[in-house]
Amino acid sequence: MAASPSVVPVAVTAAVIPVLSPSSDFSNLREIKKQLLLIAGLTRERGLLHSSKWSAELAFSLPALPLAELQPPPPITEEDAQDMDAYTLAKAYFDVKEYDRAAHFLHGCNSKKAYFLYMYSRYLSGEKKKDDETVDSLGPLEKGQVKNEALRELRVELSKKHQARELDGFGLYLYGVVLRKLDLVKEAIDVFVEATHVLPLHWGAWLELCNLITDKEMLKFLSLPDTWMKEFFLAHIYTELQLIEEALQKYQNLIDVGFSKSSYIVSQIAVAYHNIRDIDKALSIFNELRKQDPYRIENMDTFSNLLYVRSMKSELSYLAHNLCEIDKYRVETCCVIGNYYSLRSQHEKAALYFQRALKLNPRYLGAWTLMGHEYMEMKNTSAAIQAYRHAIEVNKRDYRAWYGLGQTYEILKMPFYCLYYYRRAHQLRPNDSRMLVALGECYEKLNQLVEAKKCYWRAYAVGDVEKMALVKLAKLHEQLTESEQAAQCYIKYIQDIYSCGEIVEHLEESTAFRYLAQYYFKCKLWDEASTCAQKCCAFNDTREEGKALLRQILQLRNQGETPSTEMPAPFFLPASLSANNTPTRRVSPLNLSSVTP
């Protein structure tokens, strides 16, 4: 259903929800608040609790409306009145999770609200039975093999209604969910797009659409309604697609227009910083969010990932205990506790809590990935592969699962498999140096050295977080007897680690000084060779070589051997590595006079 150029029509029961025209954007926040309060009520009536909560939280972040501006509830139609008793009874059963009972009393109802609750009850009944069948008899790794038996019947019935154009925005949303569950992705995307046109205020439809978009190109071809809700959708999908700069810009725009008090936006910004590994910024925002909303559980598993990376045991322990007091049977709580045990190297206990999380919600992406990591720690590669594959089934955009599969096959010494999975991870995170270094190592094992060199150089160019790319590139040049390029890489590596004042592994540092000492010695640059040899003496693994080289230099000087007066050829990266037009620059011989190990 196409939207008109100025106002998007919204069919809900017999009422029409007014939607801001594209030209007005966020200029009328009072009107937006009215719409949010209205949709929060409509979604709550239909049992769509997460969408209702999202709308209510967003409405709460806007200034309160005066009594005169509060909207009355939508008018009741004749069909609504006829189904009122059945709907009221069924909704009570629905709220206590008696879905079959709710569906029984709604059978034959004609109003759109009652019909939606009837179909939604049947869908949730099938989901509940699927989970109940597996929760005791099977482990969480086999959970995805059990299907919801009600899906095919629901698809047939909803398809007939859809062809007859009898589905409202909520009906279209449910039809899309059923199609997605049946892995009919293309049809599901079309239906969700239609649902956003018919009912653009329903966040659930936008969110489902988000989960099916795999890249930016796919997003460009979608015909979406021009409403203010689209801005929230774009910010969310940019975060999911790792387009973090665009996402942060969108969220900043939303804060600027009046949503500065929204805990949802603050949490999404924290997640975005987590995704680009700006750990300090993300931790700061999460700590601030905890002060504003101390009983919040959403996204706390992401917060725990950050505490885990920083090895903040006491903070992670406090978070785990705090969430246990709030709700110990939430998926996020189980993941936080799992992270806590993992940080203490109690991997069996950690895996147990991730399994518990998956019993609560088998489609919870983070738990599958984290459980894969734990199985890797326990050297159970087959279980790790299974867990990572389940994570990818839930969300093909999860680079951590692709990367985890690559690591697993690397352990199994299967480099071609390993290369495939690292490539997929790199496609999702093109500017993540870890993926590029892993790809370079794979190419090296497959003796594709030109490709390996490109990967290592690219990893350095995008910002090498682990400070390993230059060392690996230097060693590759060593293998190929490209001594000048190897020396250049080692020089740049040492300059980088000392300029940022970072504590590094002594092995790489000593390796760099040893190679440079030998390189300068061959070039008859006695002063530089002597300085590097002295640095070698500071490390256990190169001390003897350093002393031996110093003795040789002293002996040659005593024999009257004159040092070279000519500099070696200027250090440039080879043209093959500059294919991506990354600017290269000349690197002068290393000045080590002020460098201390």
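Look above for the structure.
What this report covers is the structure whose coordinates are included nearby. (Residues numbered from 1 in each chain as written. Predicted model: local features only at pLDDT ≥ 70, side-chain atom pairs only at ≥ 80, totals over all residues. Heavy atoms only, no water.)

We now examine the pattern of salt bridges. Opposite charge on two side chains makes pairing possible when the charged atoms of those side chains draw close. For the structure on display, the rule yields 30 salt bridges. Of the charged contacts, one joins Lys 186 and Asp 190 as a salt bridge, the two residues approaching to 3.8 Å between their closest N and O atoms. Placement of the pair is Lys 186 and Asp 190 together in helix 8 (residues 185-198), with a separation of 4 residues, close to one helical turn. Judged by relative accessible area, which is 63%, Lys 186 ranks as exposed. Counted as one network, the salt bridges with shared partners bring together Glu 45, Arg 46 and Lys 113. (Salt bridge = Lys/Arg side-chain N within 4 Å of Asp/Glu carboxyl O. Helix = DSSP H or I, 4+ residues; strand = E, 2+ residues; numbered from the N terminus. Buried < 20%, exposed > 50% of the residue type's maximum accessible area, 1.4 Å probe, protein only.)

Residues Tyr 123, Leu 209, Trp 228, Phe 232, Phe 233 and Ile 237 are the most contacted members of the largest nonpolar core, which totals 187 residues. Of all the elements, helix 5 (residues 112-135) adds the most residues to this core, at 9 residues. (Core = buried A, V, L, I, M, F, W, Y, C linked by side-chain atoms within 4.5 Å.)

So, about the side chain of His 347. Among the structural elements, His 347 can be located in helix 18 (residues 347-360). Sequence-distant contacts of His 347, defined by excluding residues within four places in its chain, comprise Ser 342, Glu 374, Glu 377 and Met 378. (Contact = heavy atoms within 4.5 Å.)

Quick look at helix 19 (residues 365-377) now. Counted at 1.5 Å a residue, the expected span for helix 19 with its 13 residues is 18 Å, and the 19 Å between its end C-alpha atoms agrees. A large share of helix 19 lies buried, amounting to 11 of its 13 residues. Listed in full, the buried residues belonging to helix 19 are Leu 365, Gly 366, Ala 367, Trp 368, Thr 369, Leu 370, Met 371, Gly 372, Glu 374, Tyr 375 and Met 376. Buried residues in helix 19 make contact with helix 15 (300-309), helix 17 (331-343), helix 18, helix 20 (381-394) and helix 21 (399-411). With its phi angle positive at about 65 degrees, Lys 379 sits one or two positions after the end of helix 19. (Expected span 1.5 Å × (residues − 1).)

With that settled, the discussion passes to a nonpolar patch on the surface. Residues Leu 37, Leu 67 and Leu 70 make up a contiguous nonpolar surface patch of about 320 Å² in total accessible area. Note on placement: Leu 37 falls in helix 1 (residues 29-45). Under the relative-accessibility criterion, Leu 37 is labelled partly exposed at 41%. (Patch = residues over 30% accessible without salt bridge, like charges linked within 9 Å, V, L, I, M, F, W, Y side chains within 5 Å. Areas by Shrake-Rupley, 256 points an atom, 1.4 Å probe, with all protein chains shown as cover.)

The next subject is helix 3 (residues 78-95). Look at helix 3: 25 Å from first C-alpha to last across 18 residues, which is about the 26 Å you get at 1.5 Å a residue. Residue Met 84 marks the point of greatest curvature in helix 3, where the axis turns by about 60 degrees. Looking at the residues trailing helix 3, positive phi occurs at Lys 97, about 65 degrees. (Bend = angle between axes of the 7 residues up to and from the residue.)

What follows covers the packing of aromatic side chains. The geometry of an aromatic ring pair is captured by two quantities: the separation of the ring centres and the angle between the planes. A full pass over the atoms with the stated rule returns 30 aromatic pairs. A ring pair is formed by Trp 54 and Trp 203, whose centres lie 4.3 Å apart and whose planes are at 5 degrees; its orientation type is stacked. Of the two residues, Trp 54 is situated in helix 2 (residues 49-60) and Trp 203 in helix 9 (residues 203-212); the sequence distance between them amounts to 149 residues. No difference in accessibility class separates Trp 54 from Trp 203, as the two residues are buried. If you follow Arg 424 out to its NZ or CZ, it ends over the ring of Trp 402, 4.3 Å from the centre. The positively charged end of Arg 429 is found above the aromatic ring belonging to Tyr 399, 4.4 Å away from the centroid. (Phe/Tyr/Trp six-rings, centres within 6.5 Å; stacked < 30°, edge-to-face > 60°. Lys NZ or Arg CZ within 6 Å of the ring centre and 35° of its normal.)

Looking now at the layout of surface pockets. Considered as a void within the structure, the second largest pocket measures approximately 710 Å³ in volume. If you go around the second largest pocket, you meet 24 residues; those closest to its centre are Gln 242, Arg 429, Pro 430, Asn 431 and Asp 432. Of all elements in the fold, only helix 12 (244-259) and helix 22 (415-428) reach the threshold of two or more residues within the lining of the second largest pocket. Among the elements that line the lining of the second largest pocket, the one with the most residues is helix 12, at 3 residues. (1 Å grid on protein atoms, 1.4 Å probe; cavity = no way out; pocket = protein on both sides within 12 Å on 5 of 7 lines; lining within 4 Å. Points joined across faces, edges and corners; volume = space filled by probe spheres on them.)

Looking now at the side chain of Arg 397. With respect to the helices and strands, Arg 397 occurs in the loop between helix 20 and helix 21. Look at Arg 397 and you get buried, because its relative accessible area is 5%. Only 2.9 Å separates the side chain of Arg 397 from the backbone oxygen of Cys 210, close enough to count as a polar contact. If sequence neighbours within four positions are ignored, Arg 397 has contacts with Cys 210, Asn 211, Leu 212, Ile 213, Thr 214, Ile 237, Glu 240, Leu 241 and Leu 428. (Polar contact = N/O pair within 3.5 Å; in protein donor to acceptor, adjacent residues only side chain to side chain.)

The subject of this paragraph is the packing of helix 11 (residues 229-240) against helix 12. Running from N to C, helix 11 and helix 12 cross one another at 150 degrees; their axes reach a closest spacing of 8 Å. For the element pair helix 11 / helix 12, the angle class is roughly antiparallel. As for how helix 11 packs across helix 12, the hand of that crossing is left-handed. Residues Glu 231, Phe 232, Leu 234, Ala 235, His 236, Tyr 238 and Thr 239 of helix 11 touch helix 12, and the partners they reach there are Ile 244, Glu 246, Ala 247, Lys 250, Tyr 251, Leu 254 and Phe 259. Looking at side-chain class alone, the contact of helix 11 with helix 12 contains 9 nonpolar, 2 polar and 3 charged residues. (Axes fitted to C-alpha atoms, helices over the stretch in contact; angles between N-to-C directions. Parallel < 35°, antiparallel > 145°, perpendicular 65-115°, else oblique. Left-handed = near helix turned anticlockwise from the far one by under 90°. Nonpolar A, V, L, I, M, F, W, Y, C, P; charged D, E, K, R; others polar.)

By themselves, these figures tell us nothing about what the structure is for.
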